[in-house]
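# Topology and contacts: notes
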Amino acid sequence: MKIAEILDRTSTLFIPNSQLRLTTPAGRQNQEADFLIFHQNKLGILKIDSGSSYPNATEDEMCQLFIDSGISLVKHYDATRCSEEPDLVVQEFLEILSHVQA
């Protein structure tokens, strides 16, 4: 919720809790993005990880599939950090996304 409030404050275009459909080795699948963010003509996914859902090898493969499908950046943030430092999380994410080569 706090991340959405900061994105609103920065007038950033975003879609919360979006379902994305992409091709995986197992076929077409739906995958959820906590925040799909459009910034400076680039799409990025900001994922919020609880302590039990930190990225693993399968998640890394899924992130690469997103990137192969045209998403410029997939970045994971710890839920505690998102709650305690939402301004810094959003600022960092937008800064990284703005420097990704399209």
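Everything here concerns the structure above.
Treat the numbers as computed from the prediction; the structure is a model and nothing was measured.

Calculation criteria
Throughout this document, residue positions are counted from 1 along each chain, in the order its sequence is written. Side-chain atom pairs in this predicted model are given and counted only at pLDDT of 80 or more, local residue features only at pLDDT of at least 70, and totals for whole chains, interfaces and linings cover all residues. Processing note: side-chain calculations cover all non-hydrogen atoms of the structure and skip hydrogens and water entirely. Two strands are counted as paired when DSSP detects at least two bridges linking them. A run of H or I in DSSP counts as a helix once it spans at least four residues, and a run of E counts as a strand once it spans at least two, with each numbered from the N terminus. Axis definition: a line fitted to C-alpha atoms, limited for helices to the stretch in contact. Angles are taken between N-to-C directions and run from 0 to 180 degrees. By the convention used here, residues are in contact when the closest approach between their heavy atoms is within 4.5 Å. When accessible area is computed with a 1.4 Å probe and restricted to protein chains, residues below 20% of their type maximum are described as buried, those above 50% as exposed, and intermediate ones as partly exposed. In protein, a polar contact requires one atom able to donate a hydrogen and another able to accept it; more generally it is a pair of N or O atoms within 3.5 Å, and residues adjacent in sequence count only if both atoms are side-chain atoms. Between 30 and 60 degrees the pair is tilted, below 30 it is stacked and above 60 it is edge-to-face, where a pair is any two Phe, Tyr or Trp rings, Trp via its six-membered ring, whose centres lie within 6.5 Å. Working rule: Lys NZ or Arg CZ, within 6 Å of ring centre, within 35 degrees of ring normal, means a charge sits over the ring.

### Here we look at the sheet that holds strand E2 (residues 27-39)
Strand order in the open sheet made by the four strands is E1-E2-E3-E4, with mixed pairing throughout. Looking at strand neighbours, the two that pair on one side only are strand E1 (13-24) and strand E4 (73-78), the edges of this open sheet. For this sheet the average axis-to-axis angle between neighbouring strands, irrespective of direction, equals 45°. When E1 meets E2, the two strands line up antiparallel, connected through 11 bridges. The residue of E2 that forms the bridge with Leu20 is Gln31. The strands touched by helix H1 (residues 2-9) within the sheet are E1, E2 and strand E3 (42-49), with E2 carrying the most contacts at an inclination of about 50°.

### Re unusual backbone geometry
Non-glycine residue Ser11 carries a positive phi angle of around 55°. The class of Ser11 is exposed, set by a relative accessible area of 67%. One non-glycine residue, Asn17, lies in the positive phi region at around 50°. Within the element layout of this structure, Asn17 appears in strand E1.

### Observations concerning the side chain of Thr24
If you trace the backbone, Thr24 turns up in strand E1. Here Gly27 takes part through its backbone oxygen, which lies 2.7 Å from a polar atom of the side chain of Thr24. Discounting residues that sit within four places of it in the chain, Thr24 has contacts with Gln29, Met62 and Leu65.

### Side note on the packing of aromatic side chains
Applying the stated criterion to the full structure yields one aromatic pair. Taking 5.9 Å as the distance between ring centres and 55° as the angle between the ring planes, the aromatic pair formed by Phe14 and Phe35 counts as tilted. With Phe14 in strand E1 and Phe35 in strand E2, this residue pair connects regions lying 21 residues apart in the sequence. Judged by its relative accessible area of 16%, Phe14 is buried. Over the ring of Tyr77 we find Lys75, and its NZ or CZ is 5.1 Å from the ring centre.

These results come straight from atomic positions and should not be treated as a statement about function.
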